[in-house]
2 protein chains.
Amino acid sequence: MNELTIELRAESKIPLYEQIYAFIKEDIQSGKIMCGEKLPSTRALAKHLEVSRSTVELAYEQLLSEGFIESEPCRGFFAAQIEELYHFKPMQAREEKKDDCEKYRYDFTPNGVDLKSFPYNAWRKLSKDILIDDRTELFCSGNPQGEYGFRNAVCNYLYQARGVNCTPGQVIIGAGSDYLFMLLSMILGTSRKIAFEDPTYKQAYRLAGSLSYERIPIPMDKNGMQVDKLSQTDADIAYVTPSHQYPTGIVMPIRRRMELLKWAGEKEGRYIVEDDYDSEFRYKGKPIPALQGYDAEGKVIYLGTFSKSIAPAIRLSYMVLPEPLLDIYHERHSFVNSTVSKVDQLIVQRFLEEGFYERHLNRMRALYKSRHDVLIEALRPFHGICRISGEHAGVHLLLAFEGDVREEELIRRAKERGVRVYGLSDYRLCKSAADRPTVLLGYANLSEGQIKDAVSILTQIWI
Amino acid sequence: MNELTIELRAESKIPLYEQIYAFIKEDIQSGKIMCGEKLPSTRALAKHLEVSRSTVELAYEQLLSEGFIESEPCRGFFAAQIEELYHFKPMQAREEKKDDCEKYRYDFTPNGVDLKSFPYNAWRKLSKDILIDDRTELFCSGNPQGEYGFRNAVCNYLYQARGVNCTPGQVIIGAGSDYLFMLLSMILGTSRKIAFEDPTYKQAYRLAGSLSYERIPIPMDKNGMQVDKLSQTDADIAYVTPSHQYPTGIVMPIRRRMELLKWAGEKEGRYIVEDDYDSEFRYKGKPIPALQGYDAEGKVIYLGTFSKSIAPAIRLSYMVLPEPLLDIYHERHSFVNSTVSKVDQLIVQRFLEEGFYERHLNRMRALYKSRHDVLIEALRPFHGICRISGEHAGVHLLLAFEGDVREEELIRRAKERGVRVYGLSDYRLCKSAADRPTVLLGYANLSEGQIKDAVSILTQIWI
């Protein structure tokens with residue numbers, strides 16, 4: 001056969017060899033060229049199409065490499081048996097289900113991250129740099145704990161920023177804190193009882209439930225989890241957020257930390273899970289070192305994440321295991337494959353090592369501090385009506401109402417005016433009649449102007 | 001103060017404003033400029049340094065945004081309290097522990113993927129395209145099941161390539177099959193008993209052990225897991241690889257598949273986990289549709305991955321849940337955050353939708369088929385000495401020895417000559433004296449020349 005009708009478009013952006021490849025492929029797929037049929041020689045086709053022979057050779061090579069044609073020495077090229085080849089027809093995307101979430105003008109979510117300040121340029125640059133060469137080692141299977149270089153960078157960061165004492169060998173990288181908690185549950189086993197601060201971070205509490213743990217709520221006072229109450233239970237694990245308790249914003253003082261460590265030391269198999277989820281942002285005084293840094297007996301499991309400090313879609317968290325648990329991990333669970341791609345690990349490693357993270361944190365801190373200050377100032381009219389707490393750190397604060405008003409009522413009234421606020425009740429494990437109505441106001445996602453406008457609405461409806 | 005000594009290097013690649021920023025930052029961090037000290041006005045400094053005023057303004061803006069200086073209206077700029085700011089000193093990387101794995105000249109690993117053929121160009125292009133704009137939606141938190149568009153693309157692919165019947169709502173995306181198995185164990189609960197093919201894929205078997213499942217080995221015949229033996233146990237879940245059993249390479253015929261589905265239908269709460277880990281590569285005849293496609297009663301949980309067909313470091317797998325389990329997932333476990341970044345999901349979505357995956361699969365298939373054919377041809381001298389099985393699909397085959405020779409002995413002799421081969425014993429759950437010595441030869445990672453050379457060595461030492 002010689003009568004291939006290929007209409008080449010010289011002005012097209014698609015290279016000529018690709019056009020030839022596509023025509024022949026289409027003809028083979030549609031059956032116009034049948035299995036076993038001989039193709040014109042590269043020389044003949046080049047002449048016929050008035051293109052260079054190497055152009056046709058490139059097209060044939062592509063067809064060969066994808067199995068559409070076969071080459072027989074001294075005989076030429078033949079259309080192959082293509083039934084076995086992949087050919088996916090594009091299908092229409094199904095209708096996406098609409099989110100029926102209500103629209104608010106202002107959303108004081110305590111879980112916000114300002115994504116307008118995401119370091120897009122640095123991310124693009126690093127991502128491009130890392131992919132620039134064809135590096136097979138980037139795509140082969142990685143270390144189950146995470147790449148060594150990245151774990152080393154995390155170690156250095158944790159030591160300098162958080163006073164965490166560890167070696168890269170103790171660090172396990174995972175795609176988010178939920179995953180690391182699941183891995184931890186394999187290491188600890190699920191027959192243990194976990195004590196949670198009340199109120200608490202519901203995500204971890206629910207996850208512990210999904211993993212079939214018995215969960216014990218422990219009340220808090222102004223210094224955090226009450227260790228005397230903890231001692232009265234048969235909990236083995238205490239899950240705490242000492243740097244900035246979620247959601248109350250309490251910073252656990254050193255004395256309470258020591259009590260907690262003492263509790264853990266009193267019995268074999270007791271551990272503390274320190275979730276340092278948003279320790280990065282403090283606006284007054286120095287950051288408080290992590291509880292892990294005081295731990296001499298290998299009792300603290302330290303959890304942290306880049307999802308809060310960089311962006312929620314960065315699925316990158318880390319866990320620092322104390323020696324006894326590290327041994328169990330290596331003996332029984334280190335065969336579990338890593339959940340983070342090497343490319344992502346390398347991007348964040350260089351983000352840390354080349355100073356981008358330091359700059360990013362300082363910028364975000366300055367930004368959040370301004371919003372924090374604006375919010376505190378805007379809340380002046382509430383003095384005497386509410387007690388404000390949880391300020392000077394994190395990205396939200398709490399407003400506890402003194403008077404005779406119901407929390408749901410406050411939330412409902414705000415909603416009517418397009419303002420979304422969050423009730424503390426949602427974070428409480430044991431509800432009591434003595435609980436004061438309290439709302440959380442997160443400011444990470446709102447501009448200073450929006451904060452002023454939204455609080456002025458709240459002033460009208462809450463006072 | 002006006003006497004800032006800043007030596008600008010005009011010929012440097014670092015922009016002037018960055019140099020000014022770095023000098024002042026350094027002086028503030030080192031204490032040369034003390035907290036509260038006034039900085040020169042932008043006008044004065046610009047004059048002093050002989051640069052444009054906007055250059056100095058840019059530097060000051062950067063310092064302001066990172067909190068190193070503060071601006072007071074009508075008074076000027078002042079060095080800030082910097083104790084609270086982040087400043088990470090670069091630390092020396094710790095010595096990495098050396099892998100003491102032995103070196104082989106030829107490694108017939110059955111888990112290989114040819115990474116020289118990774119589609120680097122397409123990956124780079126897609127990755128660049130996706131990051132090109134500052135898209136906040138890329139970095140905000142995603143759908144726990146995975147992004148809808150990506151799940152839709154996976155559905156279309158699975159329908160066309162594997163005959164899997166599902167909607168995007170049934171698909172859950174996860175960072176690797178291990179993670180998805182962990183998530184599945186939360187949905188199923190851990191009180192169930194799981195039947196495994198014997199020999200089997202040890203990763204899943206070990207993971208089931210780590211998750212505290214009772215595991216029941218079921219012997220196989222030439223058609224796969226023996227369903228009559230399965231029926232005699234009290235297993236609730238059957239974990240199978242019907243498209244291409246790992247490691248034996250058996251393709252489960254339709255009749256056995258129907259028996260398995262019947263077994264699952266006989267009792268409430270019974271399920272089949274179909275791990276379709278490497279169904280992409282078949283060199284003879286059409287691919288066999290997935291077991292899931294025959295399932296009318298919602299009994300099959302389908303697992304698949306891009307780690308085998310694209311690259312191991314692509315941490316992207318998918319699970320298709322039948323309706324009853326989907327309900328449990330939504331009720332109790334859908335709060336668990338996704339483990340895959342949106343950027344990665346989008347790259348692979350476009351990889352699928354724009355035809356790159358189809359081309360990649362056809363190329364890899366052609367490549368692996370050639371290696372497969374070369375290996376089969378090179379193994380001719382073994383006819384009569386061994387039975388070859390598991391050919392025509394996947395990326396490895398098996399050599400079962402007839403004579404009186406021990407498996408370890410075969411492996412040891414190959415090792416002495418620098419050739420790594422794998423014994424079937426490592427995959428067996430129950431060992432028996434009747435087991436024939438069998439080695440696995442994987443060819444995905446070896447060139448045709450290497451295959452010939454390595455087999456010629458094996459011929460010398462095994463015959």
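Further up the page is the structure itself.
Because the structure is a prediction, the values reported are computed rather than measured. (Residues numbered from 1 in each chain as written. Chains lettered and ligands numbered in written order. Predicted model: local features only at pLDDT ≥ 70, side-chain atom pairs only at ≥ 80, totals over all residues. Heavy atoms only, no water.)

**Re the interface of chain B and chain A**
Alright, step 1. Taken together, the 93 residues of chain B in the interface contact 93 residues of chain A.
Alright, step 2. Both faces considered, chain B and chain A share a buried interface measuring about 8100 Å² in area, 56% of it formed by carbon and sulfur atoms.
Alright, step 3. One can count eight salt bridges joining chain B with chain A.
Alright, step 4. The closest approach of N and O atoms between Arg124 of chain B and Asp134 of chain A, which form a salt bridge, is 3.0 Å.
Alright, step 5. Taken together, the connections running from chain B to chain A amount to 28 residue pairs in polar contact (both at pLDDT 80 or more).
Alright, step 6. Partitioning the side of chain B that touches chain A into residue classes produces 43 nonpolar, 23 polar and 27 charged. (Contact = heavy atoms within 4.5 Å. Buried area = accessible area lost by both parts, 1.4 Å probe. Salt bridge = Lys/Arg side-chain N within 4 Å of Asp/Glu carboxyl O. Polar contact = N/O pair within 3.5 Å; in protein donor to acceptor, adjacent residues only side chain to side chain. Nonpolar A, V, L, I, M, F, W, Y, C, P; charged D, E, K, R; others polar.)

**Overview of the state of the cysteines**
Residues and elements named next belong to chain B.
Alright, step 1. Under the defined criterion, the tally for this structure stands at zero disulfides over all chains.
Alright, step 2. Free of any disulfide, Cys155 has its nearest cysteine sulfur in Cys166, 3.4 Å distant.
Alright, step 3. Residue Cys155 is classed as buried on the basis of its relative accessible area, which comes to 0%. (Disulfide = S-S within 2.5 Å. Buried < 20%, exposed > 50% of the residue type's maximum accessible area, 1.4 Å probe, protein only.)

**So, the sheet that holds strand S15 (residues 422-423) of chain A**
Residues and elements named next belong to chain A.
Alright, step 1. Across the sheet, which stays open at both edges, the four strands sit in the order S12-S13-S16-S15 with antiparallel pairing between neighbours. Across the chains shown, the open sheet's two edge strands, defined by having one partner strand only, are strand S12 (386-389) and S15.
Alright, step 2. Two elements, S15 and strand S16 (residues 438-442), share two bridges in a ladder whose sense is antiparallel. Pairing of Gly423 across the sheet is with Val439, part of S16. (Pairing = 2+ DSSP bridges. Helix = DSSP H or I, 4+ residues; strand = E, 2+ residues; numbered from the N terminus.)

**A word on the pattern of salt bridges**
Oppositely charged side chains can pair when the atoms bearing their charge come close.
Residues and elements named next belong to chain A.
Alright, step 1. One pass over the full model with this rule turns up 52 salt bridges over all chains.
Alright, step 2. Note that Arg256 and Asp221 form a salt bridge whose closest N and O atoms lie 2.8 Å from each other. Residue Arg256 is located in helix H9 (residues 254-265), and its partner Asp221 is located in strand S6 (residues 214-221); the two are separated by 35 residues in the primary sequence.
Alright, step 3. In this structure Arg256 comes out as buried when scored by relative accessible area, which is 9%.
Alright, step 4. Through salt bridges that share partners, Lys125, Asp129, Arg350 and Glu354 make up one connected network.

**Some details on the relation of the copies chain B and chain A**
Alright, step 1. With an axial shift of 0.0 Å and an RMSD of 0.0 Å, the rotation relating chain B to chain A amounts to 180 degrees. Read as a symmetry element, the transformation amounts to a two-fold axis.
Alright, step 2. A high fraction, 100%, of the interface residues of chain B reappear at the interface in chain A, so the copies pair face to face through one surface. (Least-squares fit on C-alpha atoms with pLDDT ≥ 70 in both.)

**Here we look at the sheet that holds strand S6 (residues 214-221) of chain B**
Residue and element names in this part refer to chain B.
Alright, step 1. Overall, mixed pairing links the eight strands, which are arranged S4-S11-S10-S9-S8-S5-S6-S7 in an open sheet. The sheet is open, and its two edges are formed by strand S4 (171-174) and strand S7 (224-225), each paired on a single side.
Alright, step 2. The pairing of S4 with strand S11 (residues 317-320) spans four bridges and is antiparallel. Note that in S11 the partner of Gly174 across the bridge is Ser317.
Alright, step 3. Strands S4, strand S10 (300-305) and S11 of the sheet are contacted by helix H5 (residues 148-162), whose axis makes an angle of about 110 degrees with S4. (Axes fitted to C-alpha atoms, helices over the stretch in contact; angles between N-to-C directions.)

**Some details on the environment of Arg387 of chain A**
All names here are of chain A.
Alright, step 1. Mapped onto the elements of the fold, Arg387 is located in strand S12.
Alright, step 2. For the pair formed by Arg387 and Ile14, sequence separation is 373 residues and the distance between their alpha carbons is 66 Å.
Alright, step 3. Excluding residues that lie within four positions of it along the chain, Arg387 makes contacts with Leu398, Leu399, Ala400, Glu402 and Arg436.

**Some remarks on the packing of aromatic side chains**
Any aromatic ring pair is given by two values, namely how distant the centres are and how the planes are angled relative to each other.
Alright, step 1. Going through the model one piece at a time under the given rule, you end up with 48 aromatic pairs over all chains.
Alright, step 2. Pairing Tyr246 of chain A with Tyr427 of chain A gives two aromatic rings, centres 5.7 Å apart and planes at 75 degrees, and the pair type is edge-to-face. In this pair, Tyr246 of chain A sits in the loop between strand S8 (237-240) and H9 while Tyr427 of chain A sits in the loop between S15 and S16, placing the two residues 181 residues apart along the sequence.
Alright, step 3. Overall, the relative accessible area of 3% leaves Tyr246 of chain A in the buried class.
Alright, step 4. In this structure Tyr427 of chain A comes out as buried when scored by relative accessible area, which is 10%.
Alright, step 5. A connected cluster of aromatic rings, assembled from ring pairs, spans Phe118, Tyr120, Trp123, Phe150, Tyr157, Phe306, Tyr318, Phe351, Phe356 and Tyr357 of chain A together with Phe139 of chain B.
Alright, step 6. Over the ring of Tyr205 of chain A we find Arg215 of chain A, and its NZ or CZ is 4.1 Å from the ring centre. (Phe/Tyr/Trp six-rings, centres within 6.5 Å; stacked < 30°, edge-to-face > 60°. Lys NZ or Arg CZ within 6 Å of the ring centre and 35° of its normal.)

**Describing helix H14 (residues 448-462) of chain A**
Residue and element names in this part refer to chain A.
Alright, step 1. Its 15 residues place the ends of H14 21 Å apart at the C-alpha level, agreeing with the 21 Å of an ideal helix rising 1.5 Å per residue.
Alright, step 2. What H14 keeps buried is the set Ile451, Ala454, Val455, Ile457, Leu458, Ile461 and Trp462. What you see down the axis of H14 is that its buried residues fit within an arc of 155 degrees, all on one side.
Alright, step 3. Elements in contact with the buried residues of H14: strand S3 (106-107), helix H12 (356-378), strand S13 (396-401), helix H13 (407-416), strand S14 (419-420) and S16. (Expected span 1.5 Å × (residues − 1). Arc of directions from axis to C-beta.)

**Overview of helix H1 (residues 16-30) of chain A**
Residue and element names in this part refer to chain A.
Alright, step 1. Over its 15 residues, H1 runs 21 Å from end to end, which matches the ideal 21 Å to within 8%, given 1.5 Å per residue.
Alright, step 2. Residues Glu18, Gln19, Ile20, Tyr21, Ile24, Lys25, Asp27 and Ile28 constitute the buried set of H1.
Alright, step 3. Two residues or fewer after H1 comes Gly31, characterised by a positive phi angle close to 90 degrees.

**Here's the deal with the side chain of Ser309 of chain A**
Residue and element names in this part refer to chain A.
Alright, step 1. Topologically, Ser309 is positioned in the loop between strand S10 (300-305) and strand S11 (317-320).
Alright, step 2. Note on Ser309: relative accessible area 2%, which makes it buried.
Alright, step 3. Separated by 2.6 Å, the side chains of Ser309 and Tyr357 make a polar contact.
Alright, step 4. The residues touching Ser309, leaving out its near neighbours within four places in the chain, are Glu280, Phe281, Tyr357, His360 and Leu361.

**Considering the nonpolar core**
Alright, step 1. The biggest cluster of nonpolar side chains holds 152 residues, and the ones touching the most others in it are Phe139, Phe306 and Trp462 of chain A together with Phe139, Phe306 and Trp462 of chain B.
Alright, step 2. In this structure, Phe139 of chain B is in contact with Leu115, Phe118, Tyr120, Trp123, Ala311, Pro312, Ala313 and Ile314 of chain A together with Leu131 and Val343 of chain B, ignoring residues within four places of it in sequence.
Alright, step 3. One finds Phe335 and Leu429 of chain A together with Leu188 and Ile301 of chain B within the second-largest nonpolar core, a separate group that totals 65 residues. (Core = buried A, V, L, I, M, F, W, Y, C linked by side-chain atoms within 4.5 Å.)

**Looking at the packing of helix H11 (residues 342-353) of chain A against H12 of chain A**
All names here are of chain A.
Alright, step 1. For the pair H11 and H12, the least separation of the axes is 4 Å and the interaxial angle reads 75 degrees. It follows from the interaxial angle that H11 and H12 lie roughly perpendicular. Two secondary-structure elements touch here, H11 through Arg350, Phe351 and Leu352 and H12 through Phe356, Tyr357 and His360.
Alright, step 2. Residues that form the contact of H11 with H12 fall into these classes: four nonpolar, one polar and one charged. (Parallel < 35°, antiparallel > 145°, perpendicular 65-115°, else oblique.)

**Details of the packing of helix H6 (residues 177-188) of chain A against helix H6 (residues 177-188) of chain B**
Alright, step 1. At a minimum axis separation of 11 Å, H6 of chain A and H6 of chain B run at an interaxial angle of 75 degrees. Comparing their axes, H6 of chain B and H6 of chain A come out roughly perpendicular. Of the residues in H6 of chain B, those touching H6 of chain A at Tyr179, Met182, Leu183 and Met186 of chain A are Tyr179, Met182, Leu183 and Met186 of chain B.
Alright, step 2. Classifying every residue of the contact of H6 of chain A with H6 of chain B by side-chain character gives eight nonpolar, no polar and no charged.

**Considering a nonpolar patch on the surface**
Residues and elements named next belong to chain A.
Alright, step 1. A contiguous nonpolar surface patch, about 260 Å² in accessible area, is contributed by Ile254, Met258 and Tyr294.
Alright, step 2. In this fold, Tyr294 is placed in the loop between strand S9 (271-275) and S10.
Alright, step 3. Among the residues examined, Tyr294 registers a relative accessible area of 34% and is labelled partly exposed. (Patch = residues over 30% accessible without salt bridge, like charges linked within 9 Å, V, L, I, M, F, W, Y side chains within 5 Å. Areas by Shrake-Rupley, 256 points an atom, 1.4 Å probe, with all protein chains shown as cover.)

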